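Descriptive analysis of the structure
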Amino acid sequence: MTGRTTRSASGVPGLDEVLHGGLIAGQLYLIDGEPGAGKTTLALQYLMQGVRDGERTLYVTLGETAGELRSGAASHGWSLDGIEIVEFIVSEHDLFGDSELTMYHPSEVELNETTKRILEAVERFKPTRMVLDSLSELRLLAQSSLRYRRQILAFKQFFIGRGCTVLFLDDRSGRDIDTQVHSIAHGVIALDRSIPAYGPALRQVRITKFRGSDFISGQQDMLIRRGGLQVFPRLTAKEHGRPFDRDVVPSGAQALDDLLGGGIERGTATLLIGPAGSGKSTIAAQYAVATARRGGHAAVFTFEESRALLLARLKGLGMTVDEGVGPGKLMVRQLDAAEVLPGQFANLVRESVEVHGATVIVIDSLNGYMNAMPGERALTVQLHELLTYLNNHGVATFLVAAQSGMFGAGMRNVVDASYLADSVMLLRMYEHQGSVRKAISVVKKRSGPHEDTIRQLWFNRDGVHLGPPLEHLRGVLSGVPVEVDSLARSAPGDDDAPRT
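Keep in mind that this is a model prediction, so the values were computed, not measured.

Quick look at the overall build of the chain
Check the secondary structure of the chain and you find 13 helices and 25 strands. Residues classed as buried in the chain amount to 51% of the 500 residues present. Restricting the contact set of the chain to residue pairs at least 6 apart, pairs at least 24 apart contribute 69%. Only carbon and sulfur atoms are counted for the fraction: they give 50% of the accessible area of the chain, which is about 22400 Å².

Some remarks on the confidence of the model for the chain
Within the chain, residue pLDDT values average 86, and 88% of them lie at 70 or more. Counting interchain partners and residues more than four positions distant, the pLDDT-below-50 stretch residues 487-495 has 12 contacts.

Regarding the pattern of salt bridges
For the coordinates displayed, the defined rule picks out 14 salt bridges. The salt bridge involving Glu17 is made with Arg350; its shortest N-O contact spans 2.9 Å. Remark: Arg350 occurs in helix H11 (residues 342-355) and Glu17 occurs in helix H1 (residues 15-18); sequence separation between them is 333 residues. Under the relative-accessibility criterion, Glu17 is labelled partly exposed at 34%. Judged by its relative accessible area of 12%, Arg350 falls in the buried class. With a closest N to O distance of 2.5 Å, Asp192 and Arg206 form a salt bridge.

Quick look at the packing of aromatic side chains
Each aromatic ring pair is characterised by the separation of its centres together with the angle its planes make. One pass over the full model with this rule turns up 10 aromatic pairs. Arranged with centres 5.3 Å apart and planes meeting at 80°, the rings of Phe158 and Phe159 form a pair that is edge-to-face. Aromatic pair Tyr287 and Phe398: ring centres 4.5 Å apart, planes at 25°, arrangement stacked. Residue Tyr287 is found in helix H9 (residues 280-293), and its partner Phe398 is found in strand S18 (residues 396-404); the two are separated by 111 residues along the sequence. The same class applies to Tyr287 as to Phe398, namely buried. Each member of the aromatic cluster is reached from another via a ring pair, and the members are Phe155, Phe158, Phe159 and Phe168.

Quick word on helix H4 (residues 111-125)
The end-to-end C-alpha separation of H4 is 22 Å, in line with the 21 Å expected for 15 residues at 1.5 Å each. As for H4, its buried residues are in contact with strand S4 (57-61), strand S5 (83-87), strand S6 (129-133), helix H5 (135-142) and helix H6 (145-159).

A few points about the sheet that holds S4
The nine strands lie next to each other as S5-S4-S6-S7-S3-S8-S9-S10-S11, forming an open sheet whose pairing is mixed. Unpaired on one side and paired on the other, S5 and strand S11 (228-232) mark the two borders of the sheet. Going across the sheet, the axis of each strand differs from the next one's by a mean of 20°, ignoring polarity. Summarising the sheet, strand S3 (residues 28-33) and strand S7 (residues 165-170) pair through five bridges and their orientation is parallel. Within the sheet, the bridge partner assigned to Ile31 lies in S7 and is Leu169.

A word on the pairing of strand S16 (residues 329-334)
In this sheet, S16 lies alongside strand S15 (residues 297-302) in parallel orientation, the contact comprising six bridges. Within the sheet, the bridge partner assigned to Ala299 lies in S16 and is Met331. Between the parallel elements S15 and S16, the chain passes through helix H10 (residues 307-316) in a crossover that is right-handed.

Calculation criteria
Residues numbered from 1 in each chain as written. Predicted model: local features only at pLDDT ≥ 70, side-chain atom pairs only at ≥ 80, totals over all residues. Heavy atoms only, no water. Helix = DSSP H or I, 4+ residues; strand = E, 2+ residues; numbered from the N terminus. Buried < 20%, exposed > 50% of the residue type's maximum accessible area, 1.4 Å probe, protein only. Contact = heavy atoms within 4.5 Å. Areas by Shrake-Rupley, 256 points an atom, 1.4 Å probe, with all protein chains shown as cover. pLDDT = per-residue confidence, 0-100. Salt bridge = Lys/Arg side-chain N within 4 Å of Asp/Glu carboxyl O. Phe/Tyr/Trp six-rings, centres within 6.5 Å; stacked < 30°, edge-to-face > 60°. Expected span 1.5 Å × (residues − 1). Pairing = 2+ DSSP bridges. Axes fitted to C-alpha atoms, helices over the stretch in contact; angles between N-to-C directions. Right-handed = clockwise from strand over helix to strand, strands pointing away.

This is the structure:
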């Protein structure tokens, strides 16, 4: 492409990023979606953005009344001041009499007359942004595919050269002739909605056509809530990154850093895997708290444990830190896997990194993260993109994954992300001297050497503790170890470890 293209901001958070800057001004676009998909909401956000930019805007409605539009806008807390609304709908006089009931006043029944009045409104107000809602009414008047196409072409020719960006809304009520507008429009934005077996409706937006510009292809997650539409662009890691020093991120527990051959490096992902109760979340939180105490910013995203319980538990372990965003603070965000969208979660992580400057991110756990995904393959692909993005920004990422089962060979991985992680820490629970104890080992580290020992792990009010290598035990990872030497004494540090 040559020259500079003038863009028209959509007013929808996230959509302009998908469109690489917004709509191309002065063109005709189709907003396609079933009733309730959010077409009118998107159109109003587009026009309100035009009002903020000092442009003339026009909303032509063939179905809803101006009062209904304003009522819908009020539910979002909006005012439509500055937007000209012209309505061509049924007159109350048509509800009486012997004549056949139609949707339009008799003088407006013919397609040509309706088209003429629309164009007169455009000439009168001279908008730079316009919405026509909706094409289904025009399609009913046209009666045939040929006549419908000719009218749409006439609209397009009329708007060319007038400097007006036009949105046509269509509710997919005539799939046999919908492709007529798709081929004529400069771009097509499709709004999709699906109903899962459990949870809220899943909404997505996809750009099926956008002449003259690149865009982010595929499905983008979308929400409709008070305040309008918000789009969460699909994360493409190759488009994001910044230079950083590959420094070591200390844990604040020297024995833990020694086990890892010095510590975890920035720009890497670490997987902590083990059964429930083995200490995975606490180890991950140790890195986050230590980062905040050094003046950095860390963020913990928890899908299972409540925010209040996590903070109380950390306080009981001596891990007190200021909660919030920014340097020297720890941000804890509790998420509901049944409510959060995959794209929405990626957007929250991006905000923590790009806006608040987080250098440590904890995702607890991958099991909850998986429940927010539409399928296992989607989990793998999106997790790969997310980790690549975080690595490109120099973030040390900690992933918590719970295995099913508690002891022995019966445990299995619900989510296998070990091949995506740069380091893998394995945690186990084992029986010894009448107590259930915890053990930790490092089984993988791409960025350098590490200990291959298995050490006892325990927690108290002073934080995280590791004992010396469990050389006197064999089969710790199986859950029921045996003494290598029956005369071997308990490992130093056992007396300080909890016995419950």
